[in-house]
Amino acid sequence: MATRDPLDRSHIIPPKASIRLGPTQDEEVFGEAFSGQVVSRFIKYVSKYKVLLWVAITSVLVFTVSSIAIPLIVRNVYDEALAAGSPDRGKLTTMVIVFLVAVGFNFVANYLQELIVGRVAERILVDMRRAMYDHLQRVSLSFMDKTEIGKLMARLQGDVAALQEFLQTAVFAIGDFVLLIGIIGAMVWLDWRLGLMTLAVVPTLFIIRIIWLPYARRAFLRARVTSSIVSGALAENINGIRAVQGLSREHVNYDLFDIRASDNLKAANRASKFGVMMLPIVDTLTGAAMSIIVIMGGFFVLGGTIEVGVMVAFVLFVQRFFDPIRSLTMHYNVLQRAMASGERIFEVIDVPVDIADKPHALDLDEIDGSISFKDVTFGYLPDQPILKNINFEVKPGETVALVGPTGSGKTSTTALVHRFYDVWEGSVKVGGHDVRDVTQDSLGRHVSMVLQEPFLFSGTIYENILYSKEDATREDVVAAAQAVGAHEFIMKLPGGYDTPLEQRGGNISLGQRQLISFARAIVADTKILVLDEATASIDSYTEMLIQQALNRLMEGRTGMVIAHRLATIRGADRIIVLQDGEIIEMGNHDELMTLGGMYSRLYSMNYASFDDIPDELIQQATQAANGTST
Amino acid sequence: MAFHCKWRLFFGFVAIFIASGFQLAIPLLIGSAVDSALSLEGAALDISNGMVASAIDSTTDVFGEGSNPAKTALIIIAVFLFIASVGRGLAAMFQNYMGESIGQMIGYELRMLYYEKLQRLSFSYHAGVHTGDLITRGIIDVEGVRMFVQTALLRTVFLIVLIGAGMYLILSLDLTLGLISLSFVPFVAWRATAARLKLRSNWYQLQERLSALTKVMDENLGGIRVVRAFASQDHEMKKFDEASNETLILANTQVGIRASNISLMGVAFMLAMTGVLWYGGLQVVDGALNLGELTQFLAFMSILLQPVRQIGMLVNGFARGSVTGSRLFSVLDLIPEIQDKPDAKDLDITSGILEFHNVSFGYEGEHTLEGISFKAEPGHTVGLVGPPGSGKSTIAHLVPRFYDPIEGHITIDGQDLRDITLDSLRQAVGVVEQDTFLFTASIEHNVAYGDPWAPDDRVEEASKYAQLGDYIERLPGGYDTMIGERGVSLSGGQRQRLSIARSLMLKPQLIVFDDSTAAIDAATEQRIRAALTDLTKDRATIIISHRLSSLMHADEILFIEEGKIVERGSHDELLAQGGHYNDLYELQIRPDERDEQVSGSVDGEVGAS
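All values derive from a computational prediction rather than experimental measurement.

**Student:** Which parts of the structure should I look at to understand the overall build of chain A?
**Tutor:** Across its full length, chain A holds 21 helices and 12 strands. For a compact globule of 630 residues, the expected C-alpha radius of gyration is about 25 Å, and chain A comes in at 36 Å, more than 25% above that figure. When its C-alpha atoms are laid out on the principal axes, chain A stretches across 120 × 65 × 55 Å. Evaluated residue by residue, chain A yields a buried proportion of 59% over its 630 residues. In chain A, the share of contacts with a sequence separation of at least 24, taken over all contacts with a separation of at least 6, comes to 77%. Distance between charge centres in chain A, computed from 57 positive and 70 negative side chains, equals 7 Å.

Below is the structure:
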């Protein structure tokens, strides 16, 4: 098969297909080689393992020293025990024993350095990931709302791994550095003339490395970026596989993927060219160094200036001489990558936790289930309040329906009850306590939420209903499922309650997922329940079940429902009509109908759900309502 | 490509032999150098190869009698040493590059194979696996195999050649000393095998655990609102810690195996070196061996030090490679349930009539569809309605052959779907799904997803049909606005409208709406339907919906219950029948009456259904 230039395939890129070959900002893989800030913060995580790390560093040093000692002992064997004039058995035995001791140290130190560095690095990987993950559990939802999960996952995995690699490298780099210094020292100590002559080749290597580095870096960078693009394309295709197959886009995607993969292949090959290029250079310099030793050392030996053992030790040293230099420059790349990763990790850890418990926050034990909003003003962006001066009270056991057009502030109102966000002005009280004065944990025990889009986790149906209420029994779970009318369909599934759910509950219908999420709320058994009714019209059968389940759910609880269904709205004890962040009407169904305002107008349009009402009709109703009120 | 690989492999092997040759020449030369320095050239020349001897002879000729033969020998040896080093470097470079490029190429091939396989695996497969798992395999496991090929394949041969040739040379120099210096080899081989087995199972478990951890994190972040709503941070942290600790334990075991492996191999080598030093030293003391020979042994050993270290790494690489390889190939070896027959023909549409002939479908012996027969003709609309789980969506998925029926058959213009190519079928059938996946791309590219060659006006036309055109034009970036993660986010209804536009782009001969208007308000849906009238007048349409207003205008409505058609007819006919359809109608269209008059009977009805 003839080779084809991977990039010369522009003709197969369709005009309306996206293909990204350059890096995005988040894929910047190399940062500054050294960032004091990143390192000093990283050290905090490391300091927990201070003792272990000192042991590791000691091991690295012992290992290095014993590695340097071994050729020196060999030299002694030559010069003291085997020197041509006076071979000495006793001395030989002594030297061999010394050698054995050095080997013993070498072994133990080698084992310890590998073991400790490896394990501490794994431990720190887990710690850093945990710190980030834990933080993500507490940062404000507004941050989570605008951040892609994929990006966070990349930080939790790739970036953390890069720091782990950095730690390992850093410890071994200390060893390399000491080894280098030690070898140089030993060579100069053995014979300074021969030592200096041998070392003369080192600057050459450094100069070559300096010229080589920027090009190589670019090549390595490109290889990494293209590889992450390939991964991204693969992930997107897997996630969107149904659309891909349904629209039979396989061939186009295959070609586009081929372009990316070929680009990556090309970049990777270029990078490896730069990588292997150093081999002959290092070997040439090693050869040069050895030649110098053989010629000059040999002449010195012939001339009687040095013993033959010194020459042998030099030969042994020079074999190991370039290893540390090579790995030290390799570490440079790891370092840069780690700094970039570190910055991204700390960026996540630094996201401020807007909502934190007060130092002496109250642990709510028992509450009566009342909710009160007093002069609440709130918004997500400065100067753009979503809620303006909201006042209302919900008595224990009462069910309140929030009604209003999209963007009127219904969701924000419910979010404040759970203190997902803090108000700008005014206060939100639950059971008579300002939500800011109580612990979030205890608030969570009293307020639960059912979201519009039910989210289910992998695991069985049982586990999903039980969720975090670990002290609930299986009976509780079954009772909850029965209460919401989910029991029947669950029992029809092949494994009953132990049927594993596919990803996001893909193997049951949307309405059924909704029911499961209701059952989950019943098991949580909180005094206050906030519910965001699903907008998507669910099939009428499940719809019926859901309506009944809703009533069961609300029994004995204070309910706050973002209501879309007329049936739900009418069933509420009180209806709060919101518009543009303000309460425009409040009362029960009959009262509001008599009032003849916005609610009655929307209601009389006879749509099964308020969400079915087209925007323009809502506008008309608003104008009409305003007209009557003025 | 494979051909290319073979040559690279061949050259790689050639390079290996050259590199090993040079590598092994170096200790011989160093030994000679020591002897020369001690003016024992006679002995040195015996041991070293004849080339050095003849070179020395000729140089001595050139330099004349006056020059010191020992010095000349040293210079010659140094030159040879330099040449050997450069040669070894060049050959090693070549060999490494060949190894890496083969690895890259194999990585590329695997990636393409994997990608293609995933695209061809049918819905039933994708429904059963976690996407995160598939992504991990495609990224990490491919990388594992690639690394294995790249580092292990040629290097293993290199090490075998090097150690093998080294063994021969070393043994031919002096049998006893040779045996002593090679005594570490069986030990290393034993450790390597033992560790490989342990590491293999460890790697496998670790990979599985890492997948599980990924799933935990991914779902937590995806469902963060639920987590917050139930104040379950502690619970979630516990789940995380459990998953995380499991990986930690395995990772620690692995580090342990590796550490003991590397250090034991190292010490075995060092002990062999001690043996050489001691026994060789005694020989020298006794005069049976000269220093140059001893140096050769030591130099040999120090040249073998690096390869021995690498064996430890290779063992790990082998273990990892075989695990990642088996995970990857378990996917690559799957045979898609749905694929073209060898003699499949392109669909030939004459009039565009879709027919279900007594179709049954099911999983694991249980039929979810039973004896479904109906006909959809151009210009006609067939509506499917029924309780959830009744099998409506399955019918929709059978049309583009996402699944195959287990009994009966489906035809378009008399051609069995199983006899025609998937490509031509799916071009002809547009299924608008309930869930819309948006690609990270512009709106235009998303709409034109199925036909990226389409001109601008077709994209605009399709968007207008789907009642999305006005919205798009109002966006600051218009059709070039990015959607998804970095761009605007669309509401559920807008997503579904985009999905409709996307399907219309294919100009399908047959359109299936699989509950794809649930999130679109009734009025907009009405407008979409009106707009589509002229488009659907020569096409067959199937509408699946639980909102009766979406399908009451259909020419034929099938009421599906438990996989069977229990009622069929037009809206009016079905109402007149007063069966399930009529009940549903009562329930939906007149909620007031339901609540006020029929409320007592509602519970009974639902209980019965």
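Further notes follow.
**Student:** So what exactly am I meant to see when it comes to the packing of helix α14 (residues 474-483) of chain A against helix α16 (residues 510-524) of chain A here?
**Tutor:** When two helices pack together, you describe them by how their axes are tilted relative to each other and by the distance separating the axes. All names here are of chain A. Relative to each other, α14 and α16 sit at 130°, their axes nearing to 8 Å. Taken together, the axes of α14 and α16 are oblique relative to one another. Read as a crossing pair, α14 and α16 show a hand that is right-handed. Residue-level contacts link Asp-476, Val-477, Ala-480, Ala-481 and Ala-483 of α14 to Ala-519, Ile-522 and Val-523 of α16. Split into classes, the residues belonging to the contact of α14 with α16 amount to 7 nonpolar, no polar and 1 charged.

**Student:** How should I be thinking about the packing of aromatic side chains in this particular structure?
**Tutor:** Each aromatic ring pair is described using two quantities: the centre-to-centre distance and the angle formed by the ring planes. This structure, assessed with the given rule, holds 25 aromatic pairs over all chains. When the centroid spacing of 5.6 Å and the interplanar angle of 55° are considered together, the rings of Phe-361 of chain B and Tyr-403 of chain B count as tilted. In this pair, Phe-361 of chain B sits in strand β1 (residues 354-363) while Tyr-403 of chain B sits in the loop between α12 (392-398) and β4 (407-412), placing the two residues 42 residues apart along the sequence. Its relative accessible area of 10% is what places Tyr-403 of chain B among the buried residues. Among the aromatic side chains, those forming a connected cluster through ring pairs are Phe-455, Phe-457 and Tyr-467 of chain A together with Phe-230 of chain B. One cation-aromatic arrangement involves Arg-520 of chain A over Tyr-467 of chain A; the distance from NZ or CZ to the ring centre is 5.7 Å.

**Student:** Even after reading the chapter, I still don't get the domain arrangement of chain A, so can you show me in this structure?
**Tutor:** Interfaces are often sized by the amount of accessible area the parts lose when they come together. Residues and elements named next belong to chain A. The domain boundaries assigned to chain A delineate domain 1 (33-191 + 331-354), domain 2 (192-305) and domain 3 (371-629). Measuring from the centre of the C-alpha atoms in domain 1 to the corresponding centre in domain 2 gives 22 Å. Taken together, the contact between domain 1 and domain 2 spans 9 residues of the former and 11 residues of the latter. Carbon and sulfur atoms make up 62% of the area that domain 1 and domain 2 hide from each other, which totals about 900 Å². For Arg-193, the salt bridge goes to Asp-191, with nearest N and O atoms at 3.1 Å. Put simply, domain 1 and domain 2 have 4 residue pairs in polar contact (both at pLDDT 80 or more) between them. Of all the secondary-structure elements, those providing two or more residues to the side of domain 1 that touches domain 2 are α5 (149-190) and α10 (308-349). Of the residues belonging to the side of domain 1 that touches domain 2, the class tally is 5 nonpolar, 2 polar and 2 charged.

**Student:** Please clarify how the nonpolar core should be interpreted in this entry.
**Tutor:** One recurring pattern in soluble globular proteins is that nonpolar side chains are buried together. Among the nonpolar cores identified, the biggest contains 136 residues, and Phe-373, Ile-465 and Phe-518 of chain A are the most heavily contacted of them. Of the residues forming this core, the biggest block, 10 residues, is contributed by helix α3 (residues 89-138) of chain A. Contacts of Phe-373 of chain A, omitting those with residues within four sequence positions, involve Ile-390, Asn-391, Phe-392, Thr-413, Leu-416, Val-417, Ser-427, Val-428 and Met-560 of chain A. Trp-212 of chain A together with Ala-19, Val-188 and Val-276 of chain B belong to the second-largest nonpolar core, a separate cluster that totals 129 residues.

**Student:** Honestly, the interface of chain B and chain A in this entry has me stumped. Any pointers?
**Tutor:** With 164 residues of chain B at the interface, the matching set in chain A holds 159 residues. Contact between chain B and chain A buries roughly 14800 Å² in total, counting both sides, with carbon and sulfur atoms accounting for 65%. Three residues, Tyr-115, Arg-228 and Phe-230 of chain B, lead the burial of chain B against chain A; their summed loss comes to 5% of the area buried on that side. Inspection of the region where chain B meets chain A yields 6 salt bridges. Note that Asp-241 of chain B is salt-bridged to Arg-130 of chain A, the shortest N-O span being 2.6 Å. Inspection of the chain B/chain A interface yields 36 residue pairs in polar contact (both at pLDDT 80 or more). With 34 residues, helix α10 (residues 233-286) of chain B is the single largest residue contributor to the side of chain B that touches chain A. Across the side of chain B that touches chain A, the residue classes break down as 88 nonpolar, 41 polar and 35 charged.

Parameters at a glance
- Residues numbered from 1 in each chain as written.
- Chains lettered and ligands numbered in written order.
- Predicted model: local features only at pLDDT ≥ 70, side-chain atom pairs only at ≥ 80, totals over all residues.
- Heavy atoms only, no water.
- Helix = DSSP H or I, 4+ residues; strand = E, 2+ residues; numbered from the N terminus.
- Rg over C-alpha atoms; globule rule 2.2 N^0.38 Å.
- Buried < 20%, exposed > 50% of the residue type's maximum accessible area, 1.4 Å probe, protein only.
- Contact = heavy atoms within 4.5 Å.
- Lys, Arg positive; Asp, Glu negative; His and termini not counted.
- Charge placed at Lys NZ, Arg CZ, Asp CG, Glu CD.
- Axes fitted to C-alpha atoms, helices over the stretch in contact; angles between N-to-C directions.
- Parallel < 35°, antiparallel > 145°, perpendicular 65-115°, else oblique.
- Left-handed = near helix turned anticlockwise from the far one by under 90°.
- Nonpolar A, V, L, I, M, F, W, Y, C, P; charged D, E, K, R; others polar.
- Phe/Tyr/Trp six-rings, centres within 6.5 Å; stacked < 30°, edge-to-face > 60°.
- Lys NZ or Arg CZ within 6 Å of the ring centre and 35° of its normal.
- Domains from an automatic or database assignment.
- Buried area = accessible area lost by both parts, 1.4 Å probe.
- Salt bridge = Lys/Arg side-chain N within 4 Å of Asp/Glu carboxyl O.
- Polar contact = N/O pair within 3.5 Å; in protein donor to acceptor, adjacent residues only side chain to side chain.
- Core = buried A, V, L, I, M, F, W, Y, C linked by side-chain atoms within 4.5 Å.

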